[in-house]
Amino acid sequence: MNPGGPGSPGTSLVDAATTMFSEDLRAAYDIVGFDPRGTGDSARVECVSDFELDRIRAAQYEPETFEGLQAYQADADLIAQGCAAKSGDLVTEVDTGSAARDMDILRHLLGEPRLDYLGYSYGTYLGATYAELFPGNVGRFVLDGAMDPC
């Protein structure tokens, strides 16, 4: 299962399984979470300071204006440059396709012929990417709060 994000660790959601899922469901399925590359206990991508990240998250951009679009682009560039400077080559290995391939490795290591999966928000995009890459390995999928994969 994956809680969404991107950028959210998946192992933390498993801790809430007893309150999220019925006893019958927990008896029928192994609840497994993983930290996609760059999140949680995996090697983390660092891009900007906490102060800068808070400022960017709070920003109100007006992309329909030239000034608003420039401000948005400047912050996007700041993040991209920071990621390259602080995280180096790791940044090139942290993407949705890699996370989906990691999911198939987990499926194989668990000895499962098919992957049953629950994804929320960005986790729906991750699930759709997995299904596109490994259509023969798709089991029961629940994609809740689906993102447009286009």
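Above this text you will find the structure in question.
Residues numbered from 1 in each chain as written. Predicted model: local features only at pLDDT ≥ 70, side-chain atom pairs only at ≥ 80, totals over all residues. Heavy atoms only, no water.

### What to know about the nonpolar core
The condition is simple: For the purposes of this section, nonpolar cores are sets of buried Ala, Val, Leu, Ile, Met, Phe, Trp, Tyr and Cys residues that join through side-chain atoms within 4.5 Å. We call a residue buried when its accessible area falls under 20% of the maximum for its residue type, exposed when it is over 50%, and partly exposed in between, using a 1.4 Å probe and counting protein chains only. Here a residue-residue contact requires only that any non-hydrogen atoms of the pair lie within 4.5 Å.
Core analysis: the biggest nonpolar cluster contains nine residues, these being Phe34, Ala99, Ala100, Met103, Leu115, Tyr117, Tyr122, Leu126 and Tyr130. When residues no more than four places from it in sequence are discounted, the contact partners of Ala100 are Leu126, Thr129, Tyr130, Leu133 and Phe134. Ranked by size, the runner-up nonpolar core spans five residues in total, among them Met1, Leu13, Phe21 and Leu118.

### Focus on the environment of Asp104
For clarity, the threshold we go by: Helix and strand assignments come from DSSP, with helices taken as H or I runs of at least 4 residues and strands as E runs of at least 2, each series counted from the N terminus. Distance and chemistry together define a polar contact, namely a pair of N or O atoms within 3.5 Å, with one atom able to donate a hydrogen and the other to accept it when in protein, and with adjacent residues in sequence counting only for side-chain atoms on both sides.
Relative to the elements of secondary structure, Asp104 occurs in helix H6 (residues 96-109). For Asp104, a relative accessible area of 12% puts it in the buried group. For Asp104, the contacting residues outside a window of four places in its chain are Tyr130, Phe134 and Asn137. Of the polar contacts made by the side chain of Asp104, one reaches the side chain of Asn137; its length is 3.0 Å.

### Remarks on the packing of aromatic side chains
Geometry of an aromatic ring pair is reported as the spacing of the ring centres plus the angle between the planes. Here is the rule: Pairing of aromatic side chains requires ring centres within 6.5 Å, counting the rings of Phe and Tyr and the six-membered ring of Trp. Pairs whose planes differ by under 30 degrees are stacked, by over 60 edge-to-face, and all others tilted.
Summed over all chains, the structure comprises five aromatic pairs. Here the aromatic rings of Tyr117 and Phe141 are separated by 5.3 Å at their centres, their planes lie at 45 degrees, and the arrangement is tilted. Placement of the pair is Tyr117 in strand S1 (residues 115-120) and Phe141 in strand S2 (residues 138-144), with a sequence separation of 24 residues. By relative accessible area, Tyr117 is classed as buried at 5%. An angle of 50 degrees between the planes, with centres 6.1 Å apart, marks the rings of Tyr122 and Tyr125 as tilted. Within this pair, Tyr122 and its partner Tyr125 are both found in helix H7 (residues 122-133), separated by three residues, close to a single helical turn.

### Quick word on the pairing of S2
Which entries qualify depends on this criterion: Pairing between two strands requires that DSSP report at least two bridges joining them. The crossover handedness rule: strands pointing away from the viewer, path from first strand over the helix to second strand clockwise, crossover right-handed.
Pairing analysis gives five bridges linking S1 to S2, with the strands arranged parallel. Looking at S2, one finds that Tyr117 is bridged to Phe141. A crossover connection joins S1 to the parallel S2 through H7; in handedness this β-α-β unit is right-handed.

### Re the packing of helix H4 (residues 50-58) against helix H5 (residues 66-87)
So the rule is basically this: Each axis is a line fitted through C-alpha atoms, and for a helix only the stretch in contact is used; angles between axes span 0 to 180 degrees, taken between their N-to-C directions. Each angle is binned into one of four classes, with values under 35 degrees roughly parallel, values over 145 roughly antiparallel, values of 65 to 115 roughly perpendicular, and all other values oblique. Throughout, a crossing is termed right-handed when the near helix is turned clockwise from the far one, and left-handed when it is turned anticlockwise from it by less than a right angle. Residues are grouped as follows: Ala, Val, Leu, Ile, Met, Phe, Trp, Tyr, Cys and Pro are nonpolar; Asp, Glu, Lys and Arg are charged; all remaining types, including Gly, are polar.
Contact geometry for H4 and H5: axes closest at 11 Å, N-to-C directions at 150 degrees. Accordingly, the angle class assigned to the pair H4 and H5 is roughly antiparallel. When the axes of H4 and H5 are compared, the crossing they make is left-handed. Side by side, H4 and H5 meet where Glu52, Arg55 and Ile56 of the first sit next to Asp75, Leu78 and Ile79 of the second. The class makeup of the residues in the contact of H4 with H5 is three nonpolar, no polar and three charged.

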